[in-house]
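Inside the fold
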Amino acid sequence: MAKAFSLSDSTALRDETALRRVRQHGSARDGLREWRLQRLTALALIPLGLCFAASILWLAKSDQATAAAWLASPVSALLVILFVLAGLVHALIGIRSVFLDYVHTRARLLAAELLVRAAAAILAGASVLAVLKLFLGH
Amino acid sequence: MERPLSPFMLPVWYRFQITSSLSILHRLTGVALAVGSILLAWWLVSVAAGGELFAVTHAFIASSIGMLLLFGWSIAFFYHLCNGIRHLAWDAGYGFELRQAYRSGYTVLVATALLTALTWLYVLLA
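Residues numbered from 1 in each chain as written. Chains lettered and ligands numbered in written order. Predicted model: local features only at pLDDT ≥ 70, side-chain atom pairs only at ≥ 80, totals over all residues.

To continue, consider the overall build of chain A. Helix and strand content of chain A: five helices and zero strands. Reading chain A from its N end, one meets helices and strands in the order α-α-α-α-α. Buried residues in chain A amount to 18% of all 138 residues. (Helix = DSSP H or I, 4+ residues; strand = E, 2+ residues; numbered from the N terminus. Buried ≥ 20, exposed ≤ 12 C-beta atoms within 10 Å, placed from the backbone.)

Moving on: the overall build of chain B. From N to C terminus, chain B includes four helices and zero strands. Helices (α) and strands (β) of chain B occur, in sequence order from the N terminus, as α-α-α-α. For a compact globule of 126 residues, the expected C-alpha radius of gyration is about 14 Å, and chain B comes in at 19 Å, more than 25% above that figure. The dimensions of chain B, computed from C-alpha atoms along their principal axes, are 60 × 40 × 25 Å. (Rg over C-alpha atoms; globule rule 2.2 N^0.38 Å.)

Residue and element names in this part refer to chain B. In terms of domains, chain B is made up of domain 1 (31-62) and domain 2 (70-126). Centre-to-centre separation of domain 1 and domain 2, based on C-alpha positions: 26 Å. Ranked by residues supplied to the side of domain 1 that touches domain 2, first place goes to helix H1 (residues 18-49) with three residues. When its residues are assigned to classes, the side of domain 1 that touches domain 2 shows three nonpolar, one polar and no charged. (Domains from an automatic or database assignment. Nonpolar A, V, L, I, M, F, W, Y, C, P; charged D, E, K, R; others polar.)

Taken together, the contact pairs 26 residues of chain B with 29 residues of chain A. Sorting the residues of the side of chain B that touches chain A by element identifies H1, helix H3 (64-91) and helix H4 (98-125) of chain B as the ones contributing at least two each. The biggest single contributor to the side of chain B that touches chain A is H1(B), with 13 residues. Residues of the side of chain B that touches chain A, tallied by class, amount to 19 nonpolar, five polar and two charged. (Contact = placed C-beta atoms within 7 Å.)

What follows deals with the nonpolar core. Grouped together as the largest cluster of nonpolar side chains are 33 residues, with contacts concentrated most on A:Val80, A:Val131, B:Leu44 and B:Val47. Breaking this core down by element, the ones donating at least two residues are helix H2 (31-59), helix H3 (64-72), helix H4 (74-102) and helix H5 (106-136) of chain A together with H1 and H3 of chain B. Here this core takes eight residues from H4(A), the largest share from any one element. Composition of this core by domain shows at least three residues from each of domain 1 (31-62) and domain 2 (70-126) of chain B. Dropping the residues within four chain positions of it, A:Val131 is found in contact with A:Leu71, A:Ala77, A:Val80, A:Ile81 and B:Leu44. (Core = buried A, V, L, I, M, F, W, Y, C linked by C-beta atoms within 7 Å.)

The next subject is the environment of B:Phe96. Residue and element names in this part refer to chain B. As for its placement among the helices and strands, Phe 96 is situated in the loop between H3 and H4. With 9 C-beta atoms counted inside 10 Å, the residue Phe 96 sits in the exposed group. Considering only alpha carbons, one finds Phe 96 and Asn 83, 13 residues apart in sequence, at a separation of 14 Å. If near-sequence neighbours (up to four positions away) are discounted, Phe 96 is found in contact with Trp 90 and Ala 101.

The first and last C-alpha atoms of H2(A) sit 40 Å apart over 29 residues, in line with the 42 Å expected at 1.5 Å per residue. Maximum bend of H2(A): about 35°, positioned at A:Leu45, with proline A:Pro47 one to four residues after it. On the buried face of H2(A), the contacting elements are H4 of chain A together with H3 of chain B. (Expected span 1.5 Å × (residues − 1). Bend = angle between axes of the 7 residues up to and from the residue.)

We now examine the environment of B:Ile18. All names here are of chain B. Along the chain, Ile 18 turns up in helix H1. Along the primary structure Ile 18 and Leu 69 are separated by 51 residues, whereas in three dimensions their C-alpha atoms are 25 Å apart. The residues contacting Ile 18, other than those within four sequence positions of it, are Tyr 102 and Gly 105.

Here it is as structure tokens:
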């Protein structure tokens, strides 16, 4: 029997058109990256989240001008942008793992994942643009 | 043979304990917070746009439905934050003993209640 072509062979280039890769058999070999990114964003979200929550509380009874002035200052603009981006990356990985547990057909999984990725991209873009508008207009 | 599948073993095959309940709650609050990011982005856009958009958004947030949503999100936020720290400790290899896991679980619940109460006390009194 011929020796099976192995992608784990350290001299082989990673061939994305190999049949078992196309048919998604076996490990993707990059699961750890997502796991690590979720923990990294979790760590970042502890100070960013507390800071954001405290700011929102402080803004709770203020008008639009106060909120706009707060978002226009460089430090809070940066912190809000970092909070939104870290939060959305963290949420995306989390939602994806929920889908992997509960969505059982490949087509639905792909559709759900594309939808959520699009939603995250739109929310990230809208949030960053909103903060940048206030920051640059200051 | 019809075998029970992992997430659908409740409540016939599987008895709830605080550890598994908190684990499920971590996921539920995570999903709730992900949905909440829509309101966050919407609020940021409304502040940037100002005018009528902000007035409408503010009126929605200040309405009873808006306040109820915010109350729910504040619980979800503090729970996911506290339990997330618990998870990070596990990832670092600490707190795996059953007694420790139970104790940290109850600590998370108390901390969540305390932080949520303090937050809304501040909103009501400030």
